[in-house]
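Next come the chains, spelled out residue by residue.
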Amino acid sequence: MNGFDEIIERGLNEIKQATDQNKLNELKAKYVGKQSELAQAMKKIAQLPKEKKADFGKNVNIAKQKILSFIASRQEEISNAIIDSKIANEKIDITLPGRKTEKGSKHPWEIIKDDLMEFFSSLGYTIAEGNEVELDRFNFELLNIPKDHPARAMQDSFYIDDVTLLRSHTSAVQSHVMLNAKGQGPIKVICPGKVYRRDDDDMTHSHQFGQCEGLVIGEKVNLGALMETLTLMIRHIFGAKREVRFRPSFFPFTEPSIEVDVSCFECGGKGCDLCKGTGWIEILGAGMVHPNVLRDNGFDPDKYQGFAFGVGIERLAMLKYGIDDIRKFYNNDVSFLHQFKGEK
Ligand code: DAH
């Protein structure tokens, strides 16, 4: 017994009870550091008789190594325990639902516009774009609406200068298309796009909205073909059961002009709030292209006839989806827009 066994025993007991790295560091200093009993003992080596020095030194070192190896194995136990508890606590629950990425949905305006484009493309129409900033000439004059014509007041418009304005209807594209065709039919186009009017915004009016214009010019185009086309379009959008009604009307660029109604979706024609008791809902304006318009845009009215129509995109969407306020189209309320998820 050289007295070191007792130190080793004490050290081992304390090391066993250590539960963290700080405590181990502390014990390492206590048992093998400069101030430790073993270090103190080493200092005494000088006073020992020569023949005992080697054994004594060896025993101090053995005691030191034992303590260091206890510390190392306890250290491993502690870090394993930390890892084990991390694994237990941070377990990944693979049954949890994943994080969702929100997908956008098509705007109802786009749904209707795309639907119209698809429908008319299937009937052989092409798409003309036109300009939103337009010359007065195209928006009015070439459509048989000369300066001071009262019809200009029907579409109070945003003028940029004396001759330029934001187009007030997609009919403005008609002249571009006709002039480009240089008097040669046939023409079969639709023009969907934005139009602008100096209206105060409320539930049914907006300073900006969408229209889709249609124009067909050929040598055997008649009112019957127009009525058939519009009936097909209305039934495509609103369902095969809808009845369609044509009423005489007035537009400067068509003669005769008609207004087109659809049987009320709500009451089926009996009369309710939606149709204001009439059983019918007004959908669009149309007519046979006025001979003046044909002539002014390079077509011979004795050879060619044409029909045209203009329909409001928001109006179709509002009626189809029961949207009560046109401002919802541009307020970007996500909960409103999400309702159209899944619509094509
Ligand atoms: N441009 C008209 C409007 O904005 C709609 C319209 C009526 C267009 C008759 C036409 C048409 O092409 O023939 O109120």
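Remember, predicted model here, so these are calculated numbers, not experimental data.

*Asks:* Just checking my understanding: could you explain the domain arrangement of the chain for this structure?
*Replies:* Note on interface size: it is often stated as the accessible area lost on association of the parts. Domain boundaries in the chain define domain 1 (2-89) and domain 2 (108-340). Centre-to-centre separation of domain 1 and domain 2, based on C-alpha positions: 94 Å.

*Asks:* Sorry if this is basic, but what is going on with the site of the ligand here?
*Replies:* Around the ligand, a shell composed of 16 residues is seen, among which His169, Ser171, Arg197, Gln211 and Glu213 lie nearest. Within the side chain of Glu213, an N or O atom sits 2.5 Å from an oxygen atom of the ligand. At 3.2 Å, a backbone N or O of Ala308 approaches an oxygen atom of the ligand. Taking 350 Å² as the accessible area of the ligand by itself, protein coverage stands at 91%. Of all elements in the fold, only strand E6 (208-218), strand E9 (280-289) and strand E10 (305-312) reach the threshold of two or more residues within the shell around the ligand. By residue class, the composition of the shell around the ligand is five nonpolar, nine polar and two charged.

*Asks:* When you look at the sheet that holds strand E8 (residues 254-263) in this model, what are you seeing that I'm missing?
*Replies:* One key point about sheets: their strands pair by backbone hydrogen bonds, in either a parallel or an antiparallel sense. If you trace the seven strands from one edge of the open sheet to the other, you get E1-E5-E6-E10-E9-E8-E7, paired in mixed fashion. Among the strands making up the open sheet, the edge pair consists of strand E1 (126-127) and strand E7 (244-251). Here E6 pairs with E10 via eight bridges, running antiparallel. Directly across from Leu215, in E10, lies its bridge partner Ala308. Here helix H5 (residues 108-122) sits on the sheet in contact with E1, strand E5 (187-196), E6 and E10, set at roughly 170° to E5.

*Asks:* Could you clarify how one ought to interpret unusual backbone geometry in this entry?
*Replies:* As a rule of thumb, non-glycine residues mostly have phi less than zero, and peptide bonds are mostly trans rather than cis. In this structure, Pro186 follows Gly185 across a cis peptide bond, with omega equal to -5°. With respect to the secondary-structure elements, Pro186 resides in the loop between helix H8 (172-181) and E5. Of note, the amide linkage connecting Glu255 to Pro256 takes the cis form, showing an omega dihedral of -5°. With respect to the element layout, Pro256 can be found in strand E8. One non-glycine residue, Lys182, adopts positive backbone phi at about 50°.

So, how was this worked out
- Residues numbered from 1 in each chain as written.
- Predicted model: local features only at pLDDT ≥ 70, side-chain atom pairs only at ≥ 80, totals over all residues.
- Heavy atoms only, no water.
- Domains from an automatic or database assignment.
- Near = heavy atom within 4 Å.
- Polar contact = N/O pair within 3.5 Å; in protein donor to acceptor, adjacent residues only side chain to side chain.
- Areas by Shrake-Rupley, 256 points an atom, 1.4 Å probe, with all protein chains shown as cover.
- Helix = DSSP H or I, 4+ residues; strand = E, 2+ residues; numbered from the N terminus.
- Nonpolar A, V, L, I, M, F, W, Y, C, P; charged D, E, K, R; others polar.
- Pairing = 2+ DSSP bridges.
- Contact = heavy atoms within 4.5 Å.
- Axes fitted to C-alpha atoms, helices over the stretch in contact; angles between N-to-C directions.

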